[in-house]
Amino acid sequence: MSKAKEASAMDVDEKNPDSHQHQINPKFSINVLQMLKTAQMQHGLRQRDYTRYRRYCTARLRRLYKSLKFTHGRGKYTRRAITESTITEVRFLHVLLYTAERAWSHAMEKRHLPDGPNSRQRIYLLGRLRKAVKWASLFAQLCSIKGDSRTSLEAEAYASYMKGTLLFEQDQNWESALMNFKNARAVYEELGKYGNVENQVLCRERVEELEPSIRYCLHKIGQSSIQTSELLDIGEMEGPALDLFKAKLEAVMAETRSQQAASMTEFCWLGHRFPITNAKTRVSILKAQELEKELHASAADSMPSEKKLAMFDKIFSAYHDARSCIRKDLVTAGNSENVKDDLNGLDKAVSAVLGQRTIERNQLLVSIAKSRFTRYRDDKGDKATKPEELVRLFDLLIQNTNDLTDLVSSGREQKQEELDFAEEYMLKGLIFRSERCFYLAKSYSAAGKRAEAYALYLHARSVADSALQKLQTSKSPDKVLIQEMKTLSDSCRSNSCIEHAAGIMEEEKAPEKLSKGVSTISLTDAEKKPDKFLMEKLDVYESAFIEENSKRIAHIAPFPPAFQSVPCNPIVLDIVFSSIEFPSLDHRVKKSKAAGGLLSRLWG
């Protein structure tokens, strides 16, 4: 059998002289996905810094060219193509891969500009993506010849992903984009069944990253009835393969908001209606309102706190953009008083809504801190909240309510809605003060200051009772808030009783502790001192150290060192100075001329 194989091999060698060289050179193996994922995470893409990753790819290519001695000339640039005969080691395939990555990262850098790519930048972006497709296709073609089967499959999946990315960005030929993404997903699904655990996890992550782009292509083709809210949920996923999808989704949402903002002519707040003339202001306010609806929806109760905080940050960003547009319009408004009044009113309304959302966000932080306050530290990474942290959060809430009530009360002519709004938030400020006082008492109690904690608990209870009375007599009493104030009042009463009892017990035990401490005082050391310390018997081989797990201490040298008498400097009274006769120096002193007449004064 072996002879037959050798004969067939010889026949092939005679027909194809390159086959012998092909057998000598083994098939190259590259774990493409793992190598790219490691490079991306270590060089910028963890923070979505495509500029840093592009520079890394450039530096990597420079090192590869130098190590392979495959440079393109010193003076005049002469490109040297990489062909099948050129590839004598695996680093030539690395050159192709990192060239494709450099072009792709440059395109993604242009895509993630702060204001988005303009028309010229978009043309350049598409050109870089075409370069990435070109190099990825060449990489897949040469891997099919020079690489093993797994490397060839991964290279094909990588090239399919690049082609799908180009078509996805071009907003055309969605069927081809879908086919390429599906091909890449199929390869990664199969590769995820084999290999080590790390490689399987990477393949499954890439499959999850490709899924949103596939669903979006189906949506554009019309084969899927996915809603916009579902697309937004998909956009919350993380991964470099999803960045282009997120940018595309954000562009689609911005276009949709612009269309909806055309019908939005005014902003309503506390019975006031303020006209909105600037299109950018409309889009920003509409974006914030969409996020508010999602945040206050019924499904938001099961939403994790981290996601809620991220949504609050987006709301703040949208309202700040709206305020900046309003203030730019105020600068360019000129002398038109009616326009200025409308813009000032709109700025006040947006600022008030922003203040409300700030209070809601800080209340969410308080609820998170309260849930951790009573939690025991089961894990090392799980830290319990200290009462001082809650005091700081309530300080912020009190400041927020004061700012909001001052803003609403700043107008000359106030409507009843504004008065009710200011009264509501003044009551909230009173509630926040009672809770702040309660947790401040907790911090004093933890420090062992019983008298201060007792007084603070009493004050917190009185403030909570006054807030509870105002809540019960309000027009629309909040039952949940009333129950919380009742619980706070009861907690203040019980804790004040505990602090009172603990203080009396400590006062009763103080004489006993004092007498016990005095009775244990001795003028002699409890432990017998050694005859000599180590520093006094250096000429004797004797250990001065104690055995392990012993309560005794090692006797090396006496500490603190004993006082030593030091002679003081003698006091010398200088009594000879007054009897010394010094020589005359009159002959060295310049004599002044006698006073003359007017001419002598003028000319000396």
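These numbers come from a predicted model, not from an experiment.

Participant: Outline the overall build of the protein, supporting the account with residue identities and numerical values.
Facilitator: When its secondary structure is counted, the protein shows 19 helices and two strands. Considering the protein as a whole, with its 604 residues, one finds that 37% of them fall into the buried category. By sequence separation, contacts in the protein at least 24 residues apart represent 65% of the contacts at least 6 residues apart. Within the structure as shown, the protein displays about 38900 Å² of accessible surface, and the carbon and sulfur contribution to it stands at 53%.

Participant: Tell me about the pattern of salt bridges, and please be specific about residues and values.
Facilitator: Evaluation of the coordinates by the stated rule reveals 20 salt bridges. A salt bridge links Arg206 to Glu209; the shortest N-O distance between them is 3.3 Å. Taken together, the positions of Arg206 and Glu209, both in helix 9 (residues 197-221) and three residues apart, correspond to about one turn of that helix. Residues Asp347 and Arg327 are paired through a salt bridge, measuring 3.5 Å at the closest nitrogen-oxygen approach. Here Arg327 lies in helix 13 (residues 305-331) and Asp347 lies in helix 14 (residues 337-373), a separation of 20 residues in the sequence. Of the residues examined, Arg327 reaches a relative accessible area of 38% and is grouped as partly exposed.

Participant: So what's going on with the nonpolar core? Which residues, and what values?
Facilitator: Within the largest apolar cluster, 65 residues are counted, with the highest numbers of intra-cluster contacts made by Tyr53, Leu93, Trp104, Phe139, Tyr158 and Tyr188. Residue assignment for this core shows that the elements contributing at least two residues are helix 3 (32-42), helix 4 (50-68), helix 5 (91-111), helix 6 (119-146), helix 7 (149-170), helix 8 (174-191) and helix 9. Among the nonpolar cores identified, the runner-up in size contains 64 residues, and Trp269, Ile276, Leu397 and Val463 belong to it.

Participant: Which residues make up the confidence of the model for the protein, and what are the values?
Facilitator: Overall, the prediction assigns the protein a mean pLDDT of 80, with 79% of residues at 70 or greater. Across residues 376-381, where pLDDT falls below 50, the model places four contacts with residues more than four positions away in sequence or in other chains.

Participant: Before we move on, can you summarise the packing of helix 3 against helix 5 with the specific residues and values?
Facilitator: Where helix 3 contacts helix 5, the axes come no closer than 12 Å and their chain directions differ by 50°. Here helix 3 is positioned oblique relative to helix 5, judged by the angle of their axes. Like other packed secondary-structure pairs, helix 3 and helix 5 cross with a definite hand, here right-handed. When helix 3 is examined against helix 5, the residues Val32, Met35, Leu36, Ala39 and Gln40 are found in contact with a partner set consisting of His94, Leu97, Tyr98, Glu101 and Trp104. Classifying every residue of the contact of helix 3 with helix 5 by side-chain character gives seven nonpolar, two polar and one charged.

Participant: Please set out a negative patch on the surface residue by residue, giving values where relevant.
Facilitator: Taken together, the side chains of Glu417, Asp420, Glu423 and Glu424 define an acidic patch exposed on the protein surface. Mapped onto the elements of the fold, Glu417 is located in helix 16 (residues 416-446).

Participant: Before we move on, can you summarise the environment of Glu424 with the specific residues and values?
Facilitator: Among the secondary structure elements, Glu424 is positioned in helix 16. Measuring from C-alpha to C-alpha, the distance between Glu424 and Thr401 comes to 9.8 Å, with 23 residues separating the pair along the chain.

Participant: Explain the packing of aromatic side chains residue by residue, including any values.
Facilitator: Following the criterion strictly, the structure yields 18 aromatic pairs and no others. Ring geometry for Tyr53 and Tyr56: centres 6.2 Å apart, planes at 25°, overall stacked. Pair noted here: Tyr53 and Tyr56 are both in helix 4, with a separation of three residues, about one helical turn. Neither Tyr53 nor Tyr56 differs from the other in exposure class; each is buried. Geometrically, the ring pair formed by Phe168 and Tyr216 is tilted, given 5.5 Å between the ring centres and 50° between the ring planes. A residue pair is termed long-range when its members are at least 10 positions apart, and Phe168 in helix 7 and Tyr216 in helix 9 qualify at 48 residues. Taken together, the aromatic side chains of Tyr161, Phe168, Trp174, Phe181 and Tyr216 make up a single cluster linked through ring pairs. Of note, Lys134 hangs over the ring of Trp135, and the distance from its end group to the ring centre comes to 5.3 Å.

About the criteria used
Residues numbered from 1 in each chain as written. Predicted model: local features only at pLDDT ≥ 70, side-chain atom pairs only at ≥ 80, totals over all residues. Heavy atoms only, no water. Helix = DSSP H or I, 4+ residues; strand = E, 2+ residues; numbered from the N terminus. Buried < 20%, exposed > 50% of the residue type's maximum accessible area, 1.4 Å probe, protein only. Contact = heavy atoms within 4.5 Å. Areas by Shrake-Rupley, 256 points an atom, 1.4 Å probe, with all protein chains shown as cover. Salt bridge = Lys/Arg side-chain N within 4 Å of Asp/Glu carboxyl O. Core = buried A, V, L, I, M, F, W, Y, C linked by side-chain atoms within 4.5 Å. pLDDT = per-residue confidence, 0-100. Axes fitted to C-alpha atoms, helices over the stretch in contact; angles between N-to-C directions. Parallel < 35°, antiparallel > 145°, perpendicular 65-115°, else oblique. Left-handed = near helix turned anticlockwise from the far one by under 90°. Nonpolar A, V, L, I, M, F, W, Y, C, P; charged D, E, K, R; others polar. Patch = residues over 30% accessible without salt bridge, like charges linked within 9 Å, V, L, I, M, F, W, Y side chains within 5 Å. Lys, Arg positive; Asp, Glu negative; His and termini not counted. Charge placed at Lys NZ, Arg CZ, Asp CG, Glu CD. Phe/Tyr/Trp six-rings, centres within 6.5 Å; stacked < 30°, edge-to-face > 60°. Lys NZ or Arg CZ within 6 Å of the ring centre and 35° of its normal.

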